[in-house]
Amino acid sequence: MKFALPFIVFVLFVFSAQAQNNETIYLWPGDVPGETGAKHEPVQTADTSGNIIRLTDVTNPAMIVFEPEESVKNGAAVIVCPGGGYRILAMDLEGTEVAEWLSKLGYTAFVLQYRVPGKQQEALYDMERAMRIVRSQAASRGIDPSKIGVLGFSAGGSVAARVSTRYNVDDYPQVDETDTISCRPDFAVLIYGAYFSKGPGKTLTPELLVDNNPPPMFLFGTADDNAGHSSLVLADALRGSKVPVELHFMPQGGHGYGLRKGNPAAEIWPGFAEDWMKRFVLED
(Lines give C-alpha, C1' and ligand atoms only; values in the text may rest on other atoms or scores of the structure.)
Protein backbone atom coordinates (compact mmCIF):
# COMPACT_ATOMS: atom_id res chain seq x y z
CA MET A 1 0.00 0.00 0.00
CA LYS A 2 2.88 2.39 0.65
CA PHE A 3 3.80 2.15 -3.05
CA ALA A 4 0.30 2.62 -4.47
CA LEU A 5 -0.31 6.29 -3.63
CA PRO A 6 3.05 7.66 -4.89
CA PHE A 7 2.60 5.65 -8.09
CA ILE A 8 -0.83 7.12 -8.77
CA VAL A 9 0.40 10.65 -8.11
CA PHE A 10 3.32 10.09 -10.49
CA VAL A 11 1.29 8.73 -13.38
CA LEU A 12 -1.31 11.46 -13.05
CA PHE A 13 1.52 13.99 -13.30
CA VAL A 14 2.81 12.31 -16.46
CA PHE A 15 -0.62 12.44 -18.10
CA SER A 16 -1.18 16.06 -17.02
CA ALA A 17 2.19 17.05 -18.46
CA GLN A 18 1.17 15.67 -21.86
CA ALA A 19 -1.98 17.78 -21.94
CA GLN A 20 -0.70 20.86 -20.11
CA ASN A 21 -1.17 23.14 -23.11
CA ASN A 22 -4.73 21.99 -23.78
CA GLU A 23 -7.85 23.50 -22.31
CA THR A 24 -9.97 21.22 -20.12
CA ILE A 25 -13.75 21.66 -20.01
CA TYR A 26 -15.53 20.02 -17.07
CA LEU A 27 -19.02 18.91 -18.06
CA TRP A 28 -21.02 19.33 -14.88
CA PRO A 29 -20.86 22.60 -12.89
CA GLY A 30 -22.37 21.13 -9.72
CA ASP A 31 -23.53 17.64 -8.86
CA VAL A 32 -22.85 15.03 -11.54
CA PRO A 33 -26.10 13.23 -12.47
CA GLY A 34 -26.05 9.62 -11.36
CA GLU A 35 -22.66 9.95 -9.65
CA THR A 36 -22.16 8.94 -6.02
CA GLY A 37 -18.41 9.47 -5.78
CA ALA A 38 -16.75 12.78 -4.98
CA LYS A 39 -15.31 14.75 -7.89
CA HIS A 40 -11.61 14.11 -8.45
CA GLU A 41 -9.17 13.73 -11.32
CA PRO A 42 -9.17 10.36 -13.13
CA VAL A 43 -6.72 7.69 -12.02
CA GLN A 44 -4.21 6.08 -14.35
CA THR A 45 -3.97 2.33 -13.93
CA ALA A 46 -0.72 0.46 -13.38
CA ASP A 47 -1.21 -1.34 -16.70
CA THR A 48 0.83 0.43 -19.38
CA SER A 49 1.11 -2.55 -21.74
CA GLY A 50 1.18 -1.63 -25.39
CA ASN A 51 2.48 1.80 -24.38
CA ILE A 52 -1.09 2.90 -23.59
CA ILE A 53 -2.27 5.34 -20.92
CA ARG A 54 -5.34 3.81 -19.28
CA LEU A 55 -7.55 6.01 -17.11
CA THR A 56 -10.24 4.83 -14.72
CA ASP A 57 -12.31 6.03 -11.76
CA VAL A 58 -13.70 9.03 -13.65
CA THR A 59 -16.08 10.98 -11.39
CA ASN A 60 -15.68 14.48 -12.84
CA PRO A 61 -16.18 14.01 -16.61
CA ALA A 62 -14.35 16.43 -18.86
CA MET A 63 -13.19 17.22 -22.39
CA ILE A 64 -9.64 18.07 -23.45
CA VAL A 65 -9.62 20.56 -26.34
CA PHE A 66 -7.33 20.34 -29.37
CA GLU A 67 -7.56 23.49 -31.50
CA PRO A 68 -6.33 23.41 -35.11
CA GLU A 69 -4.08 26.06 -36.57
CA GLU A 70 -6.11 28.94 -37.99
CA SER A 71 -4.57 28.32 -41.42
CA VAL A 72 -6.23 24.88 -41.66
CA LYS A 73 -9.32 25.34 -39.48
CA ASN A 74 -12.40 24.09 -41.36
CA GLY A 75 -15.21 25.04 -38.96
CA ALA A 76 -16.15 21.45 -38.06
CA ALA A 77 -15.69 19.74 -34.69
CA VAL A 78 -15.35 16.16 -33.47
CA ILE A 79 -15.81 14.74 -29.98
CA VAL A 80 -13.43 11.78 -29.65
CA CYS A 81 -14.58 8.89 -27.42
CA PRO A 82 -11.83 6.49 -26.33
CA GLY A 83 -12.70 2.85 -25.78
CA GLY A 84 -11.87 0.47 -22.99
CA GLY A 85 -14.79 -1.87 -22.42
CA TYR A 86 -16.53 0.64 -20.15
CA ARG A 87 -13.80 -0.24 -17.63
CA ILE A 88 -11.01 2.15 -18.59
CA LEU A 89 -10.30 4.83 -21.20
CA ALA A 90 -7.43 4.21 -23.63
CA MET A 91 -6.68 7.89 -23.35
CA ASP A 92 -3.76 8.33 -25.72
CA LEU A 93 -4.24 5.43 -28.17
CA GLU A 94 -7.89 6.26 -28.88
CA GLY A 95 -8.04 9.81 -27.56
CA THR A 96 -5.28 12.39 -27.64
CA GLU A 97 -3.41 10.86 -30.58
CA VAL A 98 -6.61 10.85 -32.64
CA ALA A 99 -7.43 14.42 -31.60
CA GLU A 100 -3.98 15.56 -32.74
CA TRP A 101 -4.56 13.91 -36.13
CA LEU A 102 -7.98 15.56 -36.46
CA SER A 103 -6.65 18.99 -35.52
CA LYS A 104 -4.01 18.73 -38.23
CA LEU A 105 -6.85 18.13 -40.69
CA GLY A 106 -8.54 21.33 -39.49
CA TYR A 107 -11.11 19.93 -37.06
CA THR A 108 -11.53 21.26 -33.54
CA ALA A 109 -11.28 18.08 -31.47
CA PHE A 110 -12.52 17.35 -27.96
CA VAL A 111 -11.35 14.19 -26.17
CA LEU A 112 -14.10 13.00 -23.85
CA GLN A 113 -13.33 11.56 -20.44
CA TYR A 114 -16.63 9.83 -19.75
CA ARG A 115 -17.39 7.89 -16.61
CA VAL A 116 -15.81 4.50 -16.00
CA PRO A 117 -15.72 1.82 -14.71
CA GLY A 118 -19.05 0.08 -15.12
CA LYS A 119 -21.15 3.21 -15.69
CA GLN A 120 -22.67 2.71 -19.13
CA GLN A 121 -25.76 4.83 -18.53
CA GLU A 122 -23.76 7.63 -16.92
CA ALA A 123 -21.31 7.54 -19.83
CA LEU A 124 -24.23 8.33 -22.12
CA TYR A 125 -25.19 11.29 -19.90
CA ASP A 126 -21.63 12.58 -20.29
CA MET A 127 -21.69 12.17 -24.07
CA GLU A 128 -25.02 13.98 -24.37
CA ARG A 129 -23.82 16.82 -22.14
CA ALA A 130 -20.55 17.10 -24.08
CA MET A 131 -22.41 17.49 -27.38
CA ARG A 132 -24.57 20.23 -25.90
CA ILE A 133 -21.59 22.10 -24.47
CA VAL A 134 -19.68 22.04 -27.77
CA ARG A 135 -22.75 23.24 -29.68
CA SER A 136 -23.34 25.99 -27.09
CA GLN A 137 -19.76 27.21 -27.59
CA ALA A 138 -19.73 26.87 -31.37
CA ALA A 139 -19.92 30.58 -32.17
CA SER A 140 -17.13 31.54 -29.77
CA ARG A 141 -14.87 28.78 -31.11
CA GLY A 142 -15.49 29.38 -34.81
CA ILE A 143 -17.40 26.11 -35.22
CA ASP A 144 -20.40 25.55 -37.47
CA PRO A 145 -23.10 24.22 -35.07
CA SER A 146 -24.39 21.97 -37.85
CA LYS A 147 -20.98 20.27 -38.30
CA ILE A 148 -20.32 18.70 -34.92
CA GLY A 149 -19.74 14.95 -34.90
CA VAL A 150 -18.47 12.06 -32.84
CA LEU A 151 -15.65 9.58 -33.41
CA GLY A 152 -15.61 6.56 -31.13
CA PHE A 153 -13.56 3.40 -30.67
CA SER A 154 -14.86 0.11 -29.25
CA ALA A 155 -16.93 1.05 -26.16
CA GLY A 156 -16.44 4.68 -27.15
CA GLY A 157 -18.10 3.74 -30.43
CA SER A 158 -20.98 2.38 -28.39
CA VAL A 159 -21.33 5.71 -26.59
CA ALA A 160 -21.18 7.54 -29.94
CA ALA A 161 -23.81 5.26 -31.52
CA ARG A 162 -26.11 5.62 -28.52
CA VAL A 163 -26.09 9.43 -28.60
CA SER A 164 -26.57 9.31 -32.38
CA THR A 165 -29.75 7.26 -32.05
CA ARG A 166 -31.10 8.37 -28.65
CA TYR A 167 -30.43 12.11 -28.81
CA ASN A 168 -34.06 13.08 -28.14
CA VAL A 169 -34.52 10.81 -25.12
CA ASP A 170 -34.43 12.68 -21.80
CA ASP A 171 -31.83 10.54 -20.07
CA TYR A 172 -30.93 12.91 -17.20
CA PRO A 173 -32.65 15.84 -15.44
CA GLN A 174 -31.95 19.25 -16.97
CA VAL A 175 -29.08 21.01 -15.18
CA ASP A 176 -29.07 24.41 -16.90
CA GLU A 177 -29.89 26.14 -20.18
CA THR A 178 -27.21 24.16 -21.98
CA ASP A 179 -29.42 21.09 -21.62
CA THR A 180 -32.07 22.67 -23.83
CA ILE A 181 -29.68 22.44 -26.81
CA SER A 182 -29.80 19.44 -29.14
CA CYS A 183 -27.24 16.72 -28.51
CA ARG A 184 -27.74 15.06 -31.91
CA PRO A 185 -24.40 14.61 -33.67
CA ASP A 186 -24.26 15.73 -37.29
CA PHE A 187 -22.09 12.75 -38.23
CA ALA A 188 -20.58 9.69 -36.56
CA VAL A 189 -17.38 7.75 -37.19
CA LEU A 190 -17.28 4.36 -35.43
CA ILE A 191 -13.98 2.46 -35.47
CA TYR A 192 -14.11 -1.20 -34.37
CA GLY A 193 -17.28 -0.32 -32.50
CA ALA A 194 -18.64 -2.76 -29.92
CA TYR A 195 -21.97 -3.56 -28.20
CA PHE A 196 -24.04 -2.99 -31.36
CA SER A 197 -25.29 -6.59 -31.56
CA LYS A 198 -26.62 -7.37 -28.09
CA GLY A 199 -30.15 -8.16 -29.24
CA PRO A 200 -31.57 -11.72 -29.40
CA GLY A 201 -29.41 -13.91 -31.62
CA LYS A 202 -26.77 -11.17 -31.89
CA THR A 203 -29.18 -8.80 -33.58
CA LEU A 204 -29.18 -5.02 -33.18
CA THR A 205 -28.96 -3.78 -29.59
CA PRO A 206 -32.53 -2.66 -28.76
CA GLU A 207 -31.54 0.73 -27.35
CA LEU A 208 -30.05 1.78 -30.70
CA LEU A 209 -33.00 3.53 -32.32
CA VAL A 210 -31.91 3.50 -35.95
CA ASP A 211 -35.33 4.71 -37.13
CA ASN A 212 -34.87 7.90 -35.09
CA ASN A 213 -33.20 9.92 -37.90
CA PRO A 214 -29.56 9.18 -36.97
CA PRO A 215 -26.82 11.17 -38.69
CA PRO A 216 -24.70 9.75 -41.52
CA MET A 217 -22.26 7.15 -40.19
CA PHE A 218 -18.88 5.74 -41.17
CA LEU A 219 -18.06 2.28 -39.80
CA PHE A 220 -14.78 0.40 -39.88
CA GLY A 221 -14.12 -3.12 -38.62
CA THR A 222 -12.18 -6.30 -39.32
CA ALA A 223 -13.07 -9.97 -39.69
CA ASP A 224 -10.57 -11.13 -37.07
CA ASP A 225 -12.01 -8.85 -34.37
CA ASN A 226 -14.24 -10.58 -31.80
CA ALA A 227 -16.43 -7.46 -31.90
CA GLY A 228 -16.43 -7.31 -35.71
CA HIS A 229 -20.01 -8.58 -35.97
CA SER A 230 -21.21 -5.37 -34.31
CA SER A 231 -20.27 -3.19 -37.26
CA LEU A 232 -22.00 -5.52 -39.73
CA VAL A 233 -25.22 -5.56 -37.72
CA LEU A 234 -25.36 -1.79 -37.25
CA ALA A 235 -24.53 -1.09 -40.89
CA ASP A 236 -27.32 -3.39 -42.04
CA ALA A 237 -29.82 -1.77 -39.65
CA LEU A 238 -28.85 1.72 -40.82
CA ARG A 239 -29.20 0.64 -44.45
CA GLY A 240 -32.65 -0.70 -43.69
CA SER A 241 -33.63 2.66 -42.18
CA LYS A 242 -32.19 4.47 -45.21
CA VAL A 243 -29.53 6.24 -43.13
CA PRO A 244 -26.41 7.13 -45.17
CA VAL A 245 -23.78 4.61 -44.05
CA GLU A 246 -20.36 3.63 -45.31
CA LEU A 247 -18.83 0.39 -44.04
CA HIS A 248 -15.26 -0.78 -44.52
CA PHE A 249 -14.60 -4.34 -43.35
CA MET A 250 -11.04 -5.61 -43.70
CA PRO A 251 -9.74 -9.16 -43.20
CA GLN A 252 -7.14 -8.39 -40.53
CA GLY A 253 -6.35 -5.89 -37.81
CA GLY A 254 -7.90 -7.24 -34.64
CA HIS A 255 -9.06 -4.76 -32.05
CA GLY A 256 -7.67 -1.78 -30.17
CA TYR A 257 -5.13 -0.43 -32.67
CA GLY A 258 -6.03 3.26 -32.82
CA LEU A 259 -4.12 4.82 -35.68
CA ARG A 260 -0.63 3.69 -34.72
CA LYS A 261 1.63 2.44 -37.48
CA GLY A 262 2.39 -1.25 -37.82
CA ASN A 263 -1.17 -2.55 -37.96
CA PRO A 264 -2.73 -2.90 -41.44
CA ALA A 265 -6.16 -1.71 -40.30
CA ALA A 266 -4.71 1.22 -38.34
CA GLU A 267 -2.88 2.41 -41.42
CA ILE A 268 -5.96 2.17 -43.67
CA TRP A 269 -8.97 3.54 -41.78
CA PRO A 270 -7.74 7.15 -41.23
CA GLY A 271 -7.52 7.79 -44.97
CA PHE A 272 -10.96 6.34 -45.59
CA ALA A 273 -12.44 8.35 -42.72
CA GLU A 274 -10.76 11.57 -43.83
CA ASP A 275 -12.20 11.16 -47.33
CA TRP A 276 -15.67 10.35 -45.97
CA MET A 277 -15.68 13.41 -43.69
CA LYS A 278 -14.68 15.63 -46.59
CA ARG A 279 -17.68 14.37 -48.55
CA PHE A 280 -20.30 14.19 -45.80
CA VAL A 281 -19.19 17.04 -43.53
CA LEU A 282 -17.04 19.64 -45.28
CA GLU A 283 -18.71 19.51 -48.70
CA ASP A 284 -22.26 19.16 -47.37
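Before reading on, note that the structure itself is shown above.
Anyway, here's the lowdown on the structure attached to this text. (Residues numbered from 1 in each chain as written. Predicted model: local features only at pLDDT ≥ 70, side-chain atom pairs only at ≥ 80, totals over all residues. Heavy atoms only, no water.)

Things to note about helix 5 (residues 155-165)
Along an α-helix, residues three or four apart share an orientation, since each turn contains 3.6 residues. Our working rule: Only protein chains enter the accessibility calculation, which uses a 1.4 Å probe; a residue is then buried when its area is under 20% of its type maximum, exposed when over 50%, and partly exposed in between. For helices the rule is a DSSP run of H or I covering at least 4 residues; for strands it is a run of E covering at least 2, with both sets numbered from the N terminus onward.
For helix 5, a buried count of eleven out of eleven residues is recorded, marking the element as mostly surrounded by other parts of the structure. Looking at helix 5, one finds that the buried residues are Ala 155, Gly 156, Gly 157, Ser 158, Val 159, Ala 160, Ala 161, Arg 162, Val 163, Ser 164 and Thr 165.

Section: the packing of aromatic side chains
Operational definition: Side-chain rings of Phe, Tyr and Trp (the six-membered ring for Trp) are treated as a pair once their centres are within 6.5 Å; stacked means planes under 30 degrees apart, edge-to-face means over 60, and tilted covers the remaining angles. Here, over-ring charges are defined by two tests on the NZ atom of lysine or the CZ atom of arginine: distance to the ring centre within 6 Å, and angle to the ring normal within 35 degrees.
The tally for this structure, following the rule as stated, stands at ten aromatic pairs. In textbook terms, an aromatic cluster arises when at least three aromatic residues are bridged by ring pairs, as seen for Trp 101, Phe 153, Tyr 192, Tyr 257 and Trp 269. A cation over an aromatic ring shows up here: Arg 184 above the ring of Tyr 167, its NZ or CZ 5.6 Å from the ring centre.

Overview of the sheet that holds strand 5 (residues 77-81)
Threshold: At least two bridges found by DSSP between two strands are what make those strands a pair. For helices, the fitted axis covers only the stretch in contact; all axes are lines through C-alpha atoms, and the angles between them, taken along N-to-C directions, range from 0 to 180 degrees. Contacts are residue-level and defined by heavy atoms, with any inter-residue pair within 4.5 Å sufficient.
Strand order in the open sheet formed by eight strands is 1-4-7-5-8-9-10-11, and the pairing between neighbours is mixed. Unpaired on one side and paired on the other, strand 1 (24-26) and strand 11 (245-250) mark the two borders of the sheet. Across this sheet, the average inter-strand angle for adjacent strands is 20°, counted without regard to direction. For strand 5 and strand 7 (residues 108-113), the ladder comprises four bridges, and the chain directions are parallel. Bridge pairing in strand 7 places Val 80 opposite Val 111. Strands in contact with helix 6 (residues 228-240) are strand 9 (188-191), strand 10 (217-222) and strand 11; relative to strand 10, the strand with the most contacts, it is inclined by about 150°. Lying over the sheet, helix 7 (residues 264-282) contacts strand 8 (148-153), strand 9, strand 10 and strand 11, oriented at roughly 170° with respect to strand 10.

A short note on the nonpolar core
What counts here: Residues enter a nonpolar core if they are buried and are Ala, Val, Leu, Ile, Met, Phe, Trp, Tyr or Cys, with the set joined through side-chain atoms within 4.5 Å.
Membership of the largest hydrophobic core comes to 80 residues, with the highest contact counts inside it found for Met 63, Ile 79, Leu 102, Tyr 114, Met 127 and Leu 234. In terms of residues, this core owes the most to one element, helix 3 (residues 120-136), which gives eight residues. Apart from the residues within four sequence positions on either side, Leu 102 is in contact with Val 78, Val 80, Tyr 107, Ala 109, Leu 151 and Met 277.

Some words on the side chain of Thr 56
Definition in use: For the purposes of these results, a polar contact is taken to be a pair of N or O atoms within 3.5 Å, where, inside protein, one atom must be able to donate a hydrogen and its partner to accept one; residues adjacent in sequence count only when each atom of the pair is a side-chain atom.
One can find Thr 56 in strand 3 (residues 54-56). Engagement of the side chain of Thr 56 in a polar contact is seen with the backbone oxygen of Arg 87, the distance being 3.1 Å. Beyond its immediate stretch of four places on either side in the chain, Thr 56 contacts Pro 42, Val 43, Thr 45, Arg 87, Ile 88, Val 116 and Pro 117.

Looking at the pairing of strand 9
Defined as follows: Looking down the strands as they point away from you, a crossover is right-handed if its path from the first strand over the helix to the second goes clockwise.
With burial as the criterion, each face of strand 9 is covered, one bearing Ala 188 and Leu 190 and the other bearing Val 189 and Ile 191. In the sheet, strand 8 pairs with strand 9 via four bridges, with the strands oriented parallel. Within the sheet, the bridge partner assigned to Leu 151 lies in strand 9 and is Val 189. Crossover handedness for the path strand 8 to helix 5 to strand 9: right-handed. Where strand 9 lies against strand 10, four bridges are found, and the strand directions are parallel. What sits directly across from Ile 191, in strand 10, is Phe 220.

What about the sheet that holds strand 3?
Read from one edge of the open sheet, three strands run 2-3-6, paired in antiparallel fashion. Looking along the sheet, the strands with just one partner apiece sit at the ends: strand 2 (43-44) and strand 6 (89-90). With two bridges joining them, strand 2 and strand 3 adopt antiparallel strand pairing. Along strand 3, the bridge assignment pairs Gln 44 with Leu 55.

Here we look at the state of the cysteines
Each disulfide is one covalent bond, formed between the sulfur atoms of two cysteines. Basically, it comes down to this: When two cysteine sulfur atoms are found within 2.5 Å, that pair is recorded as a disulfide.
Inspection of the entire model under this criterion finds zero disulfides. Considering cysteine sulfurs only, Cys 81 is the nearest to Cys 183, which forms no disulfide, with 12 Å between them.

Side note on unusual backbone geometry
Going from Val 116 to Pro 117, the amide bond is cis rather than trans, its omega being 5°. Position of Pro 117 relative to the elements: it lies in the loop between strand 7 and helix 3. Its identity as a non-glycine residue notwithstanding, Asp 57 has a phi of 55°, on the positive side. Its identity is not glycine, yet Tyr 86 carries a phi of approximately 60°, on the positive side.

A look at the packing of helix 3 against helix 5
To be explicit about the condition: Crossing handedness is read from the near helix: turned anticlockwise from the far helix by less than a right angle, it gives a left-handed crossing, and turned clockwise, a right-handed one. Amino acids are sorted into nonpolar (Ala, Val, Leu, Ile, Met, Phe, Trp, Tyr, Cys and Pro), charged (Asp, Glu, Lys and Arg) and polar (every other residue, Gly among them).
Relative to each other, helix 3 and helix 5 sit at 65°, their axes nearing to 9 Å. Seen along the crossing, helix 3 lies across helix 5 with a hand that is right-handed. Taking contact as the criterion, the partners of Gln 120, Gln 121, Ala 123, Leu 124, Met 127 and Glu 128 in helix 3 are, on helix 5, Val 159, Arg 162 and Val 163. The class makeup of the residues in the contact of helix 3 with helix 5 is five nonpolar, two polar and two charged.

Purely geometric numbers; function is a separate question.
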